[in-house]
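# Remarks on the overall topology
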Amino acid sequence: MLRKQSLTEIINWLKNTNDINLNIKHWETIPSKQASTVPIPERLHPNLKQALINRGITSLYSHQKTAFEFGIASQDFTAVTPTASGKTLCYNLPVLQSIIENPDARALYMFPTKALSNDQKSELNELIEEAEVNINSYTYDGDTPANIRQKIRKAGHIVITNPDMLHSGILPHHTKWVSLFENLKYVIIDELHIYRGVFGSHTANVLRRLKRICQFYGSDPVFICTSATIANPQQLAETLTGNKMRLIDKNGAPSGKKHFVFYNPPIVNKSLNVRKSASLEVRRLAGEFLKNKIQTIVFARSRVRVEIILTYLQELVKGKIGPKAIRGYRGGYLPTERREIEKGLREGEIYGVVSTNALELGVDIGQLQVCIMTGYPGTIASAWQQAGRAGRRHGEALIMYVASSSPLDQYVISHPEYFFKQSPEVARINPDNLIILVDHVKCAAYELPFEKGETFGGIDMEDILEYLIDQKVLVFSGKKYHWMNDSFPAHNISLRSASQENVVIIDQSDIANVKVIGEMDTFSALTLLHDEAIYLHQGTQFQVEKLDWEEKKAFVREVQVDYYTDANLAVQLKVLEVDKERNTRQATIQYGDVAVQAMATIFKKIKFETHENIGSGPIHLPEQILHTTATWISLQQEFAEIGEERLEDGLMGVTHAMKNIVPMFVMSDPSDVHVVPQVKSSHNNKPTIFLYDRYPGGVGLSDEIYEKIEQILTESKNIINNCHCEYGCPSCIGTDVTTKTGKKDALLLLDYFIHASKHTEMKA
Amino acid sequence: MKIKNKLKVYESYLNNESKDLTVQVSPPVKQLEIPNLEQWQMRGVQPYILGDEYCLVKERRYPLLEKRGMYSFQDYIRAIEAWQHTDFQHPLSAKGYKPTDLFFFDTETTGLGGGVGNTIFLIGYAYVEGEEVVVRQHLLPEPGFEIPLYDSFLRSVDYTTLVTYNGKAFDWPQVKTRHTLIREHVPKLPAFGHFDLLHAARRLWKNELESVKLSIVEEEILGIERTDDVPGYLAPIIYFDFIETKHLDGIVKVMEHNEDDILSLLILYTHISFQLLGLDQQQSKSEMLSVGHWYSSINETNKAIQILEDALENHDGKDKWKGMLELSYQYKKLKKIDQAFACWQQIIEKGMGKIKIEACIEAAKYFEHHEKNYLLALNSAKQAFTEFKKIEQMTGISIPKQEAEIKKRLLRLEKKVDDC
């Protein structure tokens, strides 16, 4: 190949190369879309109008105008805004207009990460400068220098922050922010869809605290949210903010032509139904794009996967483009490293980036031409977000979905309509999760005493306040509950994970220059940072020499080996209380609280490329106990005729299929819901499958599973039924099943389960 | 599951605060009934009642002649008097003030650090009235009774300047915070001047003391010994116990501790004034040098020169050369370049280290710009470089920026020498 090929040529190459086009299962071309525009509204201040014109904006998209009208009319609203649809004007215009009309008015912008705050501040300040109006906007986060903090508190019209800073840096010090809280007119919540699960549940409580403080100072701000495409933006925004919302979901922005290619790697072992590794296929495809200097983003599901693909690609294009031109990007890298990568992408010095979903967020990395998803990202919303990274507003873009052998991936690749036609997932939060709620009630009590009879997010507080009196943190006096403790509660509460304590990863390859290279939450560390684990960071392999569990430190050293490690987690379950129940003659479906005991047991060493098991070792880490909510389904049947061993394998097969299908029905990461089979459950001695929330107390996922169990079972059956293998394979019932009857028994059990649940449906 | 039961199951996940406190719910006050009132009154404490709430106010008076460590309160009057005869500016200057204008202020709180939930439960202050020092303390008897607390406090203060120890960063902002919560029900916070003695203590004794905590300054510098003192960090726990049991014993100790702190502030201000005004016969040369440095940092050049000259006379401490360098800069500022040069020469001859490098550079500048003697200038710069390398070898720490600067100077001077 002598000259670089263009994207169009590459697309033709895909179509015309035999061993590639055979694997393409679906090619969907989404035509470009014309813009729907309206004139700039009369009401808009002439300076703002001029500023827009100076930036080449002579008309607004229809949704931007609606947003402006709602915002000016003090109407809470949520706008659904795909990538590159000009969402920032949806909130910037009403906010700036209001501040020009009333210079006392204030606005609070909340972005989920600091990086996004910085992007937005630059954009907002450019607009303000262009409009030549006297409006101060500042970011206020952990990086804000102490000497300008006071000025921001007093004189910042627009304060840009993140939920963590609001939680521990602003609300507990609200008396220093009197001018903000007295005049707070707007609260902007960007990237609404990110606030789901634990993080969303925490943030909803932070907003309850914010509203409580606003009420104290006599303000009642309007909430404006913008969201990527999810099934329930309006409901999510209403649960998160506690306010009624109008919805703007007609988007007027144009978009370029998009090629959506579904690529299924060829089968390499017919009897086992094993396909060629998705990572290896991605290596070949991405390598081709990168050699032609076509900017490409590769998404992978896990941190480990990111590092493996990165290693492949750096090796492959070595010498053609510099090693710095292809980078990894994921949580666990330090912020400075991330900023450098973002900049490199925007300015075109970096051609390729391999990322986890960390780059789904609106971090500005400019327009890339190609996006490759290694495996299905887990949710439709997430897939569209990732796809949006390629070809932002104009021009052609190529999006490739490369399936792995996993049942979910195989299901999606054979049902493109699921992806293109179905509505995306529901984002769930549970602000009333008791653990989260109590944490924030403490913070709220620290901020302002609770009055007798006061509610919080509509919940009666008496039991919780009494509990906190017993815990010696509150004192009831003069009709109020007063904070009476020498601690600062917000410091003990992290919004992002169950426990605030992370394991710090320390590289001691160079004794003279020992440095921290990343961190990881404790639960992940059980299986990823145990002694002898291979930890990958920016494509470099490290071996964990020692995990100091007490001190939460993992000491690693650089190594070069041809394998990675994979750890097993043994789990025990105990039902504490049943809250909901549906009964039939065949089965019982229940929902309630459980205690899960988890212990990392052994790890395996898996060879790159062939993925064969080349060794193993024990893991010695303390057992972790998790209290959470779960849904479980038990069969009344005895199954004596198939014997315990076959029953066990059958259940294991069902579990494997369910584990893979669940994320499609509840918007979650595959790791957020765990599925565990028990031949004789300790709860009722029946064959039972448990599905539980990974977060203590649950964030509503198992609740949703309880409602949708019928669909989940039916789709699990479809997966196994439609699989071409004979006796079960990794795509359907997994590899832990050893008997030849596994597949048949799994289907038999599923029939019982489905029959059971159908029955209950009729009864209900 | 009911919330009560759930709380039990999930107890281990709830971030529980420290449990070693023994606070219980106190029943709401129905009618104004003041627990242990007689005992309070026996100790000179009176209730301040506002509607159906109250706070407790204690007042105690001391004659001016009473001694405390090496001073008596009378010396405070002398210090204020002495400030009146000064002709320079100083951040702690009481020029134009009467002894009755200052009030010495300290609080006790339920926690550490800033944050709305950190409640002030004791406000104490001292001031001079006639021939007496008056100490007044306002105690919060119930968490909800902050309105009478601040009302009683704000209606009895009428002074121009607040004197505190770390009050700029902590006590006063915390008063503002708690006041904000009830601002509609109590008088406005007046604007005060503010002398924060922590900054002064840092300037004067940072190098001598292991820490400039008030208790240490008090003992090491002021010669005040406390008996039976409750350490400040126990104050929150004792207070929590008090609101539960209403027993006086513990909280009275905290009030004594607070009173001691406030009275020590008065003595400390007196001592610092004596230091600044040269009235302390016991003043060490090192203290004098620190005072000199302080004056030079606030551009009171003449005063700085006077004190530094005095301090350096017959002084042979390790801080001598640093003081002399400071003195040289003061001379330079007044264009007394020859006197400055004399200082540099002395330092170059007998001193060493960073100070010597600075003196060499200054000498080099002097030769280059003033004497136009490039060869001598070059020699001085070379001396600076030799000293720099010496330090680098000794400490193993390299400072590339400084090295580059010196090298640049050397190059320039070499060129000038060559050009001549």
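Predicted, not measured: the structure shown is a model, and the values here were computed from it.

Criteria and thresholds
- Along each chain, numbering runs from 1 in the same order as the chain's sequence is written.
- As they are written, the chains are lettered A onward and the ligands numbered 1 onward, keeping that order.
- In keeping with the model being predicted, local features are shown solely for residues with a pLDDT of at least 70 and side-chain atom pairs are shown and tallied solely at 80 or more, while totals for entire chains, interfaces and linings include all residues.
- Under the DSSP-based scheme used, a helix requires at least four consecutive residues in state H or I and a strand at least two consecutive residues in state E, with every element numbered from the N terminus.
- What the globule rule says is 2.2 Å times the number of residues to the power 0.38, and the radius of gyration is computed from C-alpha atoms.
- Each residue is classified by how many other C-beta atoms fall within 10 Å of its C-beta atom, where C-beta atoms are placed from the backbone; a count of 20 or more means buried, 12 or fewer means exposed, and values in between mean partly exposed.
- Contact criterion: two residues are in contact if their C-beta atoms, reconstructed from the backbone, are within 7 Å.
- One bridge is not enough; two strands pair if DSSP finds at least two bridges between them.
- UniProt positions are given in the numbering used here, feature names are shortened, and annotations may be inferred rather than shown by experiment.
- pLDDT: the predictor's confidence for each residue, scored from 0 to 100.
- A fitted line through C-alpha atoms represents every axis, and for helices the fit uses only the stretch in contact; the resulting angles, taken between N-to-C directions, go from 0 to 180 degrees.
- Angle categories: roughly parallel below 35 degrees, roughly antiparallel above 145, roughly perpendicular from 65 to 115, and oblique for all the rest.
- In this scheme, a crossing is called left-handed if the near helix is turned counterclockwise away from the far one by less than a right angle; it is called right-handed if the turn is clockwise.
- Gly counts as polar in this scheme, as do all residues outside two lists: the nonpolar Ala, Val, Leu, Ile, Met, Phe, Trp, Tyr, Cys and Pro, and the charged Asp, Glu, Lys and Arg.
- An automatic or database domain assignment supplies the residue ranges for each domain.
- Classification remark: right-handed applies to a crossover when, strands pointing away from the viewer, the course from the first strand over the helix to the second runs clockwise.
- For our purposes the nonpolar core covers buried Ala, Val, Leu, Ile, Met, Phe, Trp, Tyr and Cys residues that link as a set through C-beta atoms within 7 Å.
- Working definition: the arc comes from the directions between the helix axis and the C-beta atoms, pointing outward to the latter.

## A short note on the overall build of chain B
When helices and strands are tallied, chain B shows 16 helices and nine strands. A compact globule built from 420 residues would reach a C-alpha radius of gyration of about 22 Å, whereas chain B, at 29 Å, exceeds it by more than 25%. Dimensions of chain B, computed from the C-alpha atoms along their principal axes, are close to 95 × 65 × 40 Å. Buried residues in chain B amount to 40% of all 420 residues. Considering only intrachain contacts with a sequence separation of at least 6, the fraction spanning at least 24 residues in chain B is 61%.

## Here's the deal with the overall build of chain A
Secondary structure summary: chain A contains 23 helices and 34 strands in total. Taken over C-alpha atoms, the radius of gyration comes to 27 Å for chain A, in line with the 27 Å a tight globule of 764 residues would show. In terms of its C-alpha atoms, chain A occupies a principal-axis envelope of roughly 75 × 75 × 65 Å. Burial statistics for chain A: of 764 residues in total, 53% are counted as buried. Excluding contacts between residues fewer than 6 apart, the proportion of contacts in chain A whose partners are at least 24 apart in sequence is 72%.

## Overview of the sheet that holds strand S23 (residues 480–483) of chain A
All names here are of chain A. One open sheet accounts for three strands, arranged S19-S23-S22; its pairing is antiparallel. The sheet is open, and its two edges are formed by strand S19 (450–451) and strand S22 (474–477), each paired on a single side. Inspection of the sheet shows S22 paired to S23 by four bridges, in the antiparallel sense. Each residue of the ladder has a partner; that of Val 475, found in S23, is His 482.

## Overview of the UniProt feature "domain: YprB ribonuclease H-like" (unreviewed entry) in chain B
Residues given the UniProt feature "domain: YprB ribonuclease H-like" (unreviewed entry) here are residues 104–272 of chain B. The annotated region residues 104–272 of chain B carries 46% helix and 19% strand content, and the separation between its end C-alpha atoms amounts to 14 Å.

## Quick notes on the confidence of the model for chain B
All names here are of chain B. When pLDDT is averaged along chain B, the result is 91, and 96% of the positions lie at 70 or above. Note on residues 19–29: pLDDT is under 50 here. Beyond four places in sequence and across chains, it has 29 contacts. With a pTM of 0.79, the predicted complex shows an ipTM of 0.82.

## Looking at the packing of helix H13 (residues 337–350) of chain B against helix H14 (residues 353–371) of chain B
Residue and element names in this part refer to chain B. At a minimum axis separation of 9 Å, H13 and H14 run at an interaxial angle of 140°. The orientation of H13 with respect to H14, classified from their angle, is oblique. Handedness of the H13/H14 crossing: left-handed. Contacts between H13 and H14 involve Ile 337, Phe 341, Trp 344, Ile 347 and Ile 348 on the former and, on the latter, Ile 355, Lys 356, Ala 359, Cys 360, Glu 362, Ala 363, Tyr 366 and His 370. Tallied by class, the residues present in the contact of H13 with H14 amount to 10 nonpolar, one polar and two charged.

## Some points on the pairing of strand S1 (residues 45–50) of chain B
Residue and element names in this part refer to chain B. Note that S1 and strand S2 (residues 53–63) share six bridges and pair antiparallel. Residue pairing in the sheet places Ile 49 in a bridge with Tyr 54 of S2. Taking the residues that link successive antiparallel strands as the turn, the S1-S2 hairpin has two residues, and the phi of Gly 51 there is positive, at about 60°.

## What to know about the sheet that holds S1(B)
Strand-to-strand pairing in sheets goes through backbone hydrogen bonds, with the strands running parallel or antiparallel. Residue and element names in this part refer to chain B. If you trace the seven strands from one edge of the open sheet to the other, you get S1-S2-S7-S6-S5-S8-S9, paired in mixed fashion. The open sheet has two free edges, formed respectively by S1 and strand S9 (193–196), since each of these has just one partner strand. For this sheet the average axis-to-axis angle between neighbouring strands, irrespective of direction, equals 25°. Together, S2, strand S5 (102–109), strand S6 (120–129), strand S7 (132–139), strand S8 (161–164) and S9 form the strand contacts of helix H9 (residues 248–277), whose direction differs from that of S6 by roughly 40°.

## Notes on the domain arrangement of chain B
Residues and elements named next belong to chain B. Domain parsing of chain B yields domain 1 (35–277) and domain 2 (285–419). Contact with domain 1, which involves eight residues of that partner, is made by seven residues of domain 2. Those elements that place two or more of their residues in the side of domain 1 that touches domain 2 are helix H6 (197–205) and H9. Residues belonging to the side of domain 1 that touches domain 2 are distributed by class as follows: four nonpolar, three polar and one charged.

## Things to note about the interface of chain A and chain B
With 40 residues of chain A at the contact, the number on the chain B side is 40 residues. Elements represented by at least two residues in the side of chain A that touches chain B include exactly helix H18 (434–447), helix H19 (462–470), S22, S23 and strand S29 (563–583) of chain A. No other element matches the six residues that H18(A) contributes to the side of chain A that touches chain B. Partitioning the side of chain A that touches chain B into residue classes produces 18 nonpolar, 12 polar and 10 charged.

## With respect to the pairing of S9(B)
Residues and elements named next belong to chain B. Pairing between S8 and S9: four bridges, direction parallel. Opposite Leu 162, over in S9, you have His 194 as the bridge partner. Handedness of the crossover is the feature at issue here: the chain leaves S8, passes through helix H5 (residues 167–181), returns alongside S9, and the resulting connection is right-handed.

## A look at the domain arrangement of chain A
What the domain assignment reports for chain A is domain 1 (7–30 + 256–413), domain 2 (37–248), domain 3 (434–492), domain 4 (503–558) and domain 5 (565–763). Computed from C-alpha coordinates alone, the two centres of domain 1 of chain A and domain 3 of chain A are separated by 49 Å.

## Comments concerning the nonpolar core
If you look at soluble globular proteins, the nonpolar side chains tend to sit buried side by side. Judged by nonpolar contacts, the single largest core of 250 residues is most densely connected at Ile309(A), Ile372(A), Leu529(A), Tyr535(A) and Leu691(A). Here this core gets 10 residues from one element, more than from any other, and that element is H18(A). Phe73(B), Ala311(B), Ala364(B) and Ala384(B) belong to the second largest nonpolar core, which has 77 residues in total.

## Re unusual backbone geometry
All names here are of chain A. Here Ser 74, not a glycine, exhibits a phi torsion of approximately 55°, which is positive. Secondary-structure assignment places Ser 74 in the loop between helix H4 (62–72) and strand S4 (77–80). Taking the number of C-beta atoms within 10 Å as the measure of exposure, Ser 74 has 13 and is therefore partly exposed. Of note, the phi angle at Lys 293 is positive, near 55°, even though the residue is not glycine.

## Points about helix H8 (residues 235–245) of chain B
Ala235(B), Pro236(B), Tyr239(B), Phe240(B), Phe242(B) and Ile243(B) are the residues of H8(B) that are buried. The arc enclosing the buried residues of H8(B), seen along the axis, measures out at 160°, which places them on a common side. Next to the buried residues of H8(B) lie S22 of chain A together with S5, S6 and H9 of chain B. Positive phi shows up at Lys246(B), right after H8(B), with a value of about 65°.

## Some words on the environment of Pro173(B)
Here Pro173(B) lies in helix H5. C-alpha separation for the pair Pro173(B) and Gly115(B), spaced 58 residues apart in sequence, amounts to 9.8 Å.

## Remarks on the packing of helix H12 (residues 278–291) of chain A against helix H13 (residues 303–316) of chain A
Residue and element names in this part refer to chain A. Where H12 contacts H13, the axes come no closer than 10 Å and their chain directions differ by 45°. Viewed along their axes, H12 and H13 adopt a mutual orientation that is oblique. Crossing angle aside, the handedness with which H12 passes H13 is right-handed. Contacts between H12 and H13 pair Ser 279, Val 282, Arg 283, Ala 286, Gly 287 and Leu 290 from the former with Arg 305, Ile 308, Ile 309, Tyr 312, Leu 313 and Leu 316 from the latter. Within the contact of H12 with H13, the residues separate by chemical class into eight nonpolar, two polar and two charged.

## Focus: the confidence of the model for chain A
Residue and element names in this part refer to chain A. Averaged over every residue, the pLDDT of chain A is 86; the share at 70 or more is 92%. Summarising per-element confidence for chain A, the mean pLDDT is lowest in helix H23 (residues 742–763) (71) and highest in strand S8 (residues 184–189) (98). Within the model, pLDDT remains below 50 along residues 759–764, and this stretch shows eight contacts once partners closer than five positions in the same chain are excluded.

## A short note on the environment of Tyr109(A)
Residues and elements named next belong to chain A. Note on placement: Tyr 109 falls in strand S5 (residues 106–110). The exposure class of Tyr 109 is buried, given the 27 C-beta atoms found within 10 Å. Tyr 109 sits 431 residues away from Thr 540 along the chain, and the two C-alpha atoms are 38 Å apart.

## Some remarks on the environment of Ala300(A)
Residues and elements named next belong to chain A. Along the chain, Ala 300 falls in strand S14 (residues 296–300). According to the C-beta neighbour criterion, Ala 300 is buried, with 26 such atoms within 10 Å. Each C-alpha atom of the pair Ala 300 and His 656 lies 21 Å from the other, and the pair is 356 residues apart in sequence. Here Ala 300 is in contact with Arg 305, Val 306, Ile 309, Val 354, Thr 356 and Thr 374, once residues within four sequence places are set aside.

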